[in-house]
Structures are given as C-alpha cells and as structure tokens.
Amino acid sequence: MKKFISKLTAVVTLSVVSTFSNADLITTITHDYGQQQYTPNSLASNNSCDTLNADSVTITDNSNGCGRFYDYFDFSTVNFNTIDSFELSLDFSNVSDRNLDWLFGFIPVWNNENWNVRPGASASLNSGYDYSHDQDIATTITIDANTVDAQIFQNMITNQNFSLMFAEESMGSDSFTLNSASLSIFGTPGEPLAAEIPEPAPLALLALGMFALGASKRRNAK
C-alpha cells in the first residue's frame, strides 16, 4: 500500500508540474506552404520572384526586379497579456548548395549560398524589418528583444503581426525550398472566456494525491 501511495503521489506531482510548466506557450501558428495548402502573402503579387509548388514554395534571391518573399503571421485574434518571445520553426531544404556563377560575365566563381532569416513587424523596407540582426537560417530560431532590435520587437507585439523574410548574402542568384513555417508565441496568456475554461483535471489529481498521502499518514499513526 505504501508503494502504491508513493507512486500515486509521484505521478500526481509530475502531472501538475508538467501541466503548469507549459503555461507560457500561448499558441502556435503553422503555415504549410503549397498550392492546395497555404499561399504566402508575397505570392499574392504577380511580381514575386518565388514559385508556389504542390507542397512547398521555392524562394529565390536575384536582382531582376521581382518582389522578394515575405509572409505574415497574424495573431490579432490571440488572447494574451504579455509576449516574451517568439520561436520560429522552419522546414526547408537546399540552403547550402554550391553553385557556379560568372563574375563580369566571363570569370567563373564558385558561390556558397548564405541564407539568413530576417524577422519583422511588417513588410515595410524602411521600418518593418531589422536589417542589423539577421540570423543564419536554422530549423529553430528564437526571437525576442535581445535577438532583434527592441523597437522592432515591440512593434511586432503592438501590430500583433510577425513578418517573415529571408536574405541571401552571397553572390549570384540562389534559391531554396521552404515546406512550412511555424510561429510559437510565449508569454502570459490572457484570461480564457467562460466557455473556454477547462475542467480542473490537474487540481483534481492534486487533491487525490493529498487525500492518499493523508490516508497513509493516518494508517501509520495507528
């Protein structure tokens, strides 16, 4: 009986800790790119450099005057009190290709791609993006007031909009494939609506554990 109560108390404790340790994740917004899925905002223009495929988007960096990639993550319907950080998760391929380019049209130069993530508060080239804090493209990137300009980060929260953009810093015209992008928002959630209040399962488990612990102490006292 003692072993059972001990195990039950441990399970209840882990359940409660696990439940409340995830409270800082407010929501996650996922864009699965593709013709039958999600179209990024920049491809609404006929002048986009990029190509929407069946289940991905090919992002191209070149100088022929076409529009570059950007995509909005609108969280204006998300209920929150404060936002501490964003976590951007990317599913991509072909970002490290080595291509042969021609300098001045006749000098061969091997070009190693160098893609960066440029988060922003809007698609404005003047004030929406932080050009001084580009981050190397990766599967997971954290964005907060320390990793981007503090004012840009505050503008994201004020506008309730996160804008995703990419920059390629090597020579020549390069491209990569983006399958999906997910934005997780961390901070203090707002108060849920009355209809959204969940059943207090963690509290019920805690009460059950406390009852079992009390029963064990009374049995030992006898």
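Here the structure is a predicted model, which means the values were calculated and not measured.

How each quantity is defined
Each chain carries its own residue numbering, running from 1 in the written order of its sequence. For this predicted model, a pLDDT threshold of at least 70 governs which residues receive local features, and a threshold of 80 or more governs which side-chain atom pairs are given and counted, while totals over whole chains, interfaces and linings are taken from all residues. Excluded from the side-chain calculation are hydrogens and water; included are all heavy atoms of the structure. The term disulfide is used for any two cysteine sulfur atoms that are within 2.5 Å. Going along the chain from the N terminus, every DSSP run of H or I of four or more residues is numbered as a helix, and every run of E of two or more is numbered as a strand. Only protein chains enter the accessibility calculation, which uses a 1.4 Å probe; a residue is then buried when its area is under 20% of its type maximum, exposed when over 50%, and partly exposed in between. Polar contact is defined as a pair of N or O atoms within 3.5 Å, subject to the rule that within protein one atom must be able to donate a hydrogen and the other to accept it, and that residues adjacent in sequence are counted only when both atoms are side-chain atoms. Only heavy atoms matter for contacts: two residues are in contact if any of them lie within 4.5 Å across the pair.

Colleague: Which residues make up the state of the cysteines, and what values do they have?
Modeller: As enumerated under the stated definition, the model contains one disulfide in all. Linked covalently through their sulfurs, Cys 49 and Cys 66 form a disulfide whose S-S length is 1.8 Å. In this structure, the disulfide formed by Cys 49 and Cys 66 twists by about 105° around the S-S bond and is classed as right-handed. One end of the pair, Cys 49, is in the loop between strand S1 (25-32) and strand S2 (51-52); the other, Cys 66, is in the loop between strand S3 (57-61) and strand S4 (70-74), with 17 residues separating them in the sequence. Judged by relative accessible area, which is 12%, Cys 49 ranks as buried. Residue classification places Cys 66 among the partly exposed positions, given a relative accessible area of 21%.

Colleague: If you had to explain the side chain of Asn 161 to someone new, which residues and values would you point to?
Modeller: Relative to the helices and strands, Asn 161 resides in strand S11 (residues 161-168). At 3.0 Å, the side chain of Asn 161 and the backbone oxygen of Ala 121 are in polar contact. Beyond its immediate sequence surroundings of up to four residues, Asn 161 is in contact with Tyr 72, Phe 73, Asp 74, Phe 75, Gly 120, Ala 121, Ser 122 and Met 156.

Everything listed here is a matter of geometry and, on its own, says nothing about what the molecule does.
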